[in-house]
Amino acid sequence: MAVKRIVVAVVGAVLLLVGVALLVLPGPGLLLVLAGLIVLASEFPGLERHVEPVRRQAMRAADESVSSPWRIAGTVVFGLFMIGAGVVWGVVDSLPLSGWSTGTSLILSGLVVLGLLVWSYRRVRSQAKA
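Residues numbered from 1 in each chain as written. Predicted model: local features only at pLDDT ≥ 70, side-chain atom pairs only at ≥ 80, totals over all residues. Heavy atoms only, no water.

> Help me understand the pattern of salt bridges in this model?
Oppositely charged side chains can pair when the atoms bearing their charge come close. This structure, assessed with the given rule, holds 5 salt bridges. The partner of E43 in a salt bridge is K4, with the nearest N and O atoms 3.3 Å apart. Residue E43 is found in helix 2 (residues 29-43), and its partner K4 is found in helix 1 (residues 2-24); the two are separated by 39 residues along the sequence. By relative accessible area, E43 is classed as buried at 18%. A salt bridge links R123 to D63, with the nearest nitrogen and oxygen atoms 2.5 Å apart. Of this pair, R123 sits in helix 5 (residues 100-129) while D63 is found in helix 3 (residues 48-65), placing the two residues 60 residues apart along the sequence. Judged by its relative accessible area of 18%, R123 is buried. In the salt-bridge network here, residues are joined through shared partners; they are K4, R5 and E43. (Salt bridge = Lys/Arg side-chain N within 4 Å of Asp/Glu carboxyl O. Helix = DSSP H or I, 4+ residues; strand = E, 2+ residues; numbered from the N terminus. Buried < 20%, exposed > 50% of the residue type's maximum accessible area, 1.4 Å probe, protein only.)

> Would you explain unusual backbone geometry in this entry?
Keep in mind that most residues, glycine aside, have a negative phi and that most peptide bonds are trans. Non-glycine residue L97 carries a positive phi angle of around 55°. For L97, the location among the structural elements is in the loop between helix 4 (69-91) and helix 5. Of the residues examined, L97 reaches a relative accessible area of 71% and is grouped as exposed.

> So what exactly am I meant to see when it comes to a nonpolar patch on the surface here?
A cluster of nonpolar residues, V87, V88, V91, V92 and W100, forms a patch on the protein surface that exposes about 420 Å² of accessible area. Of all the elements, helix 4 adds the most residues to the nonpolar patch, at 3 residues. On the basis of relative accessibility, which here comes to 39%, the residue V88 falls in the partly exposed class. (Patch = residues over 30% accessible without salt bridge, like charges linked within 9 Å, V, L, I, M, F, W, Y side chains within 5 Å. Areas by Shrake-Rupley, 256 points an atom, 1.4 Å probe, with all protein chains shown as cover.)

> Please explain the environment of L111 as it appears in this structure.
Checked against the element boundaries, L111 lands in helix 5. Measuring from C-alpha to C-alpha, the distance between L111 and V10 comes to 20 Å, with 101 residues separating the pair along the chain.

> Would you mind going over the packing of helix 1 against helix 2 with me for this structure?
Relative placement of two packed helices is described by the angle separating their axes and the distance separating the axes. Running from N to C, helix 1 and helix 2 cross one another at 160°; their axes reach a closest spacing of 7 Å. Classed by the angle they form, the pair helix 1 and helix 2 counts as roughly antiparallel. Taken as a pair, helix 1 and helix 2 cross one another with a handedness that is left-handed. Of the residues contributing to the contact of helix 1 with helix 2, the split by class is 17 nonpolar, 5 polar and 3 charged. (Axes fitted to C-alpha atoms, helices over the stretch in contact; angles between N-to-C directions. Parallel < 35°, antiparallel > 145°, perpendicular 65-115°, else oblique. Left-handed = near helix turned anticlockwise from the far one by under 90°. Nonpolar A, V, L, I, M, F, W, Y, C, P; charged D, E, K, R; others polar.)

Below you can see the structure in the form of structure tokens.
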């Protein structure tokens, strides 16, 4: 039971922190903040009151993130940059914190950004058809 609570806390905190970082970087930061809050609220019920307001803002931000070709292009470039940076950090030993642990986290972050972009785009397209 304690192990599950720790794992949930770590996963939720990582999602929340990456989401907060993406609030100032190109990418779907509010969606990751929402995911982190949902995960954390499953073990810490006091956080449930924050989920719905963040959900509304995240869905609005997801719609806006794919509202123009420039925003889509910027997010794609950022995601690809993260993946490329992850490969570089995994290969180049002279970089600070170099190694595949850092590289893998950058690659996964880039993949999450691109995955959430695709999800946002499909969501907006399906709403436009309805």
